[in-house]
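Per-entry structural report
Next come the chains, spelled out residue by residue.
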Amino acid sequence: MTSPQQGISLTIVAHEDVHLAIAKMRDGWGDSYQKMAAVARLSRADLEKLGLKENAKVELTGPAGSVVVTVRSDASLEAGIGVMPSSLYTNRLASYEPGSSTLFSKHIESRAVPTEKGITPVANLIVRRNRA
Amino acid sequence: MIERDGGVPLSSRTLVCTGCGCLCDDIQVEVDGAHLGRIENACAKGAAYLQAAFNPERRAQSTIRGQGCSPEAAIDEAARLLSRASRRLILGLDNSTLETQSVAIDLTRKLGAVIDDASSFSYGPLIERIIKKELPTCSLSEVKNKADLLLYWGANPTATHPRHLSKYTYYAYADFNPAGWYPKVTLSSIDVRQTELTAMSQPAFKIKPGGDRELISGLAGESPTVTDQARQLSELVKKSRFCAIFCGLGLVHSLDGDCSAFTRMVQLLSQSIRMAVIPMIAETNMLGFTQSLRKQTSYVNQVSFADGVSYGREFSILEQVHHQAADCILIVGSDPFSTLPQLLLSKLHGVDIICLDHFSTLTSEAADVVVPTTAPGVESGGDLVRLDGESVALAELIKGGFARQEEVLRQLLQKVRP
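Being a predicted model, the structure only gives us computed values, none of them experimental. (Residues numbered from 1 in each chain as written. Chains lettered and ligands numbered in written order. Predicted model: local features only at pLDDT ≥ 70, side-chain atom pairs only at ≥ 80, totals over all residues. Heavy atoms only, no water.)

Looking only at helices and strands, chain A has 4 helices and 6 strands in total. Going from N to C terminus, chain A has its helices and strands arranged as β-α-α-β-α-β-β-β-α-β. The C-alpha atoms of chain A give 15 Å as radius of gyration, which agrees with the globular expectation for 132 residues (14 Å, within 12%). Summarising its shape, the C-alpha atoms of chain A cover approximately 55 × 35 × 25 Å along the three principal directions. Put simply, chain A has 132 residues, and 53% of those count as buried. For chain A, contacts bridging at least 24 residues in sequence account for 79% of all contacts bridging at least 6. Put simply, chain A shows about 6,000 Å² of open surface, and 49% of that area lies on carbon and sulfur atoms. Computed over 16 positive and 13 negative side-chain charges, the inter-centroid distance for chain A is 7 Å. (Helix = DSSP H or I, 4+ residues; strand = E, 2+ residues; numbered from the N terminus. Rg over C-alpha atoms; globule rule 2.2 N^0.38 Å. Buried < 20%, exposed > 50% of the residue type's maximum accessible area, 1.4 Å probe, protein only. Contact = heavy atoms within 4.5 Å. Areas by Shrake-Rupley, 256 points an atom, 1.4 Å probe, with all protein chains shown as cover. Lys, Arg positive; Asp, Glu negative; His and termini not counted. Charge placed at Lys NZ, Arg CZ, Asp CG, Glu CD.)

Structural data, given as structure tokens:
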């Protein structure tokens, strides 16, 4: 028996979300975007394994980075599958394998661990460049 | 002309929505000068796009390294950066008109640069097989009322193309069952999760992430063990007369650039029934870009003009960024800073980035030089190729006061030194 703090492995399926697209179009990268994007839907079984209830927080770590998001229960999902809207949050998790014809941002192998940390602010996910 | 309260006339116009790949041509808008009034027929996504296009706060501004400047100064600086660079990359263009794409290819050729679009990491392999006629396709008007099986594979149009079902496919059918509830066509879907579409589908096939290949080999008769799902899907397809497959990014990502098994499956099924494959491209003119580039180079994407015409994976956006191959990138009407993994974007430090766009985006915020342009379909016209290969003409709705993308590119074409 593993403890919830050890976390679980998840395949995060990223998908287009029309409400998120509209929020981005209307308000840019503001609160409404963060509220909709920083959400992962997990199966009830996985929520139980993590010892989490609806709207608790989880830290997801993918091949390229970590984010803290809210969890929601989704009865239609099988254990081991998580669902998130494609966003700056999934872009933080996703990697790229040289030579590949696709981005590894659709099915992202991740680890989920319960956390008390705050939701990752969307501002922290924006890549800023040092202009010459 | 119609009148608003107070008797001041408003201009009522019909336009093509460029909010997604559907390019709905029946959008009615009321325009008062530069202000947008009522919008009719548009979906929520299209309406949000049009409202943003009319919102001055969402517009890109002329800047050089974050400082405001005139558009002319921004174009001069863009020309200077492109001229001094030795390894230039031109990317984006999937939401640009054919006219813009043509000038961009000319500019790439003059500079001996690399050109690529998002098709190189999405629909490119599928589009190439459709262009080469290895995969059968048809227009959306041919699908409507004629196809008796609509199969959405790894696609959820309710999220990506909100009017696809109502304007072009399922709900657009004229004949309904005797009770009057359902159109006389079978709607089916293949997806890894439950969506609004799978709830409507009869049947919906739920597969595991990456499970597309198993289904394809089962349908193609290439697998020694055929799953129940593959058998059920095979029976569904074979009892139809005309099956239209709408391929989404879910399928494309599972195939990872290798469409050979999918092509064999479609070709096999085509021996007994009519099949048509239509990619669910989200961009407004990805098909136009790939067709234009192929006409000039024989390749749909990933082309270098450094030494004649070369094609290869090393010229894809992803490889170019990953290997820091370019020292100057011109991005036209695209926002890679909001779509690419941040791991890749972090490799762009020290690279000169020039952005042409009508919207303020994460890419325009990150760019060294920003040249604002007109919004295609609102402030400028032009031609597009819809996701089913049909030509669509955009009209100029209002005068925006910005230069068109192709005008900016023509100026760059004159000013740059290879």
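Read on for the rest.
The next subject is the sheet that holds strand S8 (residues 114–116) of chain B. Residue and element names in this part refer to chain B. Across the sheet, 9 strands lie side by side as S6-S5-S18-S17-S16-S7-S8-S14-S15; this open sheet has mixed pairing. In this open sheet, the two strands that pair with only one neighbour each are strand S6 (67–68) and strand S15 (310–311). Contacts from helix H3 (residues 98–111) reach strand S7 (88–92), S8 and strand S16 (328–332) within the one sheet, and its direction differs from that of S7 by about 165°. (Pairing = 2+ DSSP bridges. Axes fitted to C-alpha atoms, helices over the stretch in contact; angles between N-to-C directions.)

Attention shifts here to the interface of chain A and chain B. The figure often quoted for interface size is the accessible area lost as the parts come together. Listed as interface residues are 41 residues of chain A and, on the opposing side, 57 residues of chain B. Summing both sides of the interface, chain A and chain B together bury roughly 4,100 Å²; the carbon and sulfur share of this comes to 59%. The interface formed by chain A and chain B holds 1 salt bridge in total. Here Asp368(B) makes a salt bridge to Arg129(A), at a shortest N to O gap of 3.3 Å. Between the two partners, chain A and chain B, sit 16 residue pairs in polar contact (both at pLDDT 80 or more). Looking at the side of chain A that touches chain B, the elements with two or more residues in it are strand S1 (8–15), helix H1 (18–27), strand S5 (81–85) and helix H4 (88–93) of chain A. For the side of chain A that touches chain B, the leading source of residues is H1(A), giving 6 residues. (Buried area = accessible area lost by both parts, 1.4 Å probe. Salt bridge = Lys/Arg side-chain N within 4 Å of Asp/Glu carboxyl O. Polar contact = N/O pair within 3.5 Å; in protein donor to acceptor, adjacent residues only side chain to side chain.)

What follows is about the sheet that holds strand S11 (residues 204–206) of chain B. All names here are of chain B. Pairing within the open sheet is parallel, and its 5 strands lie in the order S11-S10-S9-S12-S13. Strands with a single pairing partner mark the edges of an open sheet, and in this sheet they are S11 and strand S13 (274–279). With direction set aside, neighbouring strand axes in the sheet form an average angle of 15°. Pairing of strand S12 (residues 242–247) with S13 involves 6 bridges; the strand directions are parallel. Within S13, the residue paired with Ile245 across the bridge is Val277.

Turning our eyes to something else, we now look at the nonpolar core. Leu60(A), Leu150(B), Trp153(B), Ile245(B), Phe262(B) and Met265(B) are the most contacted members of the largest nonpolar core, which has 140 residues in total. Top element by residues in this core is S12(B). It accounts for 6 residues. Once residues within four sequence positions are removed from consideration, Leu150(B) is found in contact with Val143(B), Thr169(B), Tyr170(B), Tyr173(B), Val185(B), Thr186(B), Leu187(B), Ser188(B), Ala244(B) and Phe246(B). In this structure, Ala74(B), Ile90(B), Cys328(B) and Val371(B) belong to the second largest nonpolar core, which totals 31 residues. (Core = buried A, V, L, I, M, F, W, Y, C linked by side-chain atoms within 4.5 Å.)

For any pair of aromatic rings, the description consists of the separation of the ring centres together with the inter-plane angle of the planes. Enumeration over the complete set of coordinates arrives at 6 aromatic pairs over all chains. For the pair Trp29(A) and Tyr33(A), a centre-to-centre distance of 4.9 Å together with 70° between the ring planes defines the contact as edge-to-face. With respect to burial, Trp29(A) and Tyr33(A) carry one shared label: buried. Ring centres of Tyr299(B) and Tyr311(B) lie 4.6 Å apart, and the angle between their planes is 10°; this geometry places the pair in the stacked category. Taken together, the residues Tyr299(B) in the loop between helix H13 (286–297) and strand S14 (303–304) and Tyr311(B) in strand S15 connect sequence positions 12 residues apart. Accessibility expressed as a relative area gives 36% for Tyr311(B), which makes it partly exposed. Arg58(B) extends its terminal NZ or CZ atom over the ring of Phe359(B), reaching a point 5.3 Å from the ring centre. (Phe/Tyr/Trp six-rings, centres within 6.5 Å; stacked < 30°, edge-to-face > 60°. Lys NZ or Arg CZ within 6 Å of the ring centre and 35° of its normal.)

Residue and element names in this part refer to chain B. The amide bond that connects Gln202 to the next residue, Pro203, takes the cis arrangement and shows omega of 5°. Examined against the element boundaries, Pro203 turns out to sit in the loop between helix H8 (196–200) and S11. In this structure, Arg65 is a non-glycine residue whose phi angle is positive, near 45°. With respect to the secondary-structure elements, Arg65 resides in the loop between strand S5 (63–64) and S6. What makes Arg65 partly exposed here is its relative accessible area of 26%. Positive phi is not limited to glycine here, since Ser298 has a value of about 80°. Mapped onto the elements of the fold, Ser298 is located in the loop between H13 and S14.

Another aspect to go through is the layout of surface pockets. Residue and element names in this part refer to chain B. Estimates place the volume of the second largest pocket at around 260 Å³. If you go around the second largest pocket, you meet 13 residues; those closest to its centre are Ile130, Ile131, Lys133, Thr137 and Gln291. Among the elements that make up the lining of the second largest pocket, the one with the highest residue count is H13 (4 residues). Of the residues belonging to the lining of the second largest pocket, the class tally is 6 nonpolar, 3 polar and 4 charged. (1 Å grid on protein atoms, 1.4 Å probe; cavity = no way out; pocket = protein on both sides within 12 Å on 5 of 7 lines; lining within 4 Å. Points joined across faces, edges and corners; volume = space filled by probe spheres on them. Nonpolar A, V, L, I, M, F, W, Y, C, P; charged D, E, K, R; others polar.)

As a further point, take the confidence of the model for chain B. Residue and element names in this part refer to chain B. Counting all residues, the mean pLDDT for chain B is 94, and 98% of those residues have values of 70 or more. Here residues 1–8 scores under 50 on pLDDT; set against residues more than four positions off or in separate chains, the count is 12 contacts. The ipTM assigned to the predicted complex is 0.94, against a pTM of 0.95. (pLDDT = per-residue confidence, 0-100.)

Take the environment of Tyr173(B) next. Residues and elements named next belong to chain B. Mapping Tyr173 onto the fold places it in the loop between helix H7 (164–168) and strand S10 (186–191). When sequence neighbours within four positions are dropped, the list of residues in contact with Tyr173 reads Val143, Lys144, Asn145, Lys146, Ala147, Leu150, Pro183, Lys184 and Val185. A polar contact is formed between the side chain of Tyr173 and the backbone oxygen of Val143, at a distance of 3.0 Å.

Next up on the list: empty space enclosed by the protein. Residue and element names in this part refer to chain B. If you walk through the whole model with that rule in mind, you get 5 cavities of 30 Å³ or more. As a volume, the largest cavity reaches approximately 70 Å³. What lines the largest cavity is a set of 13 residues, and nearest its centre among them are Cys17, Cys20, Cys24, Cys43 and Gly46.

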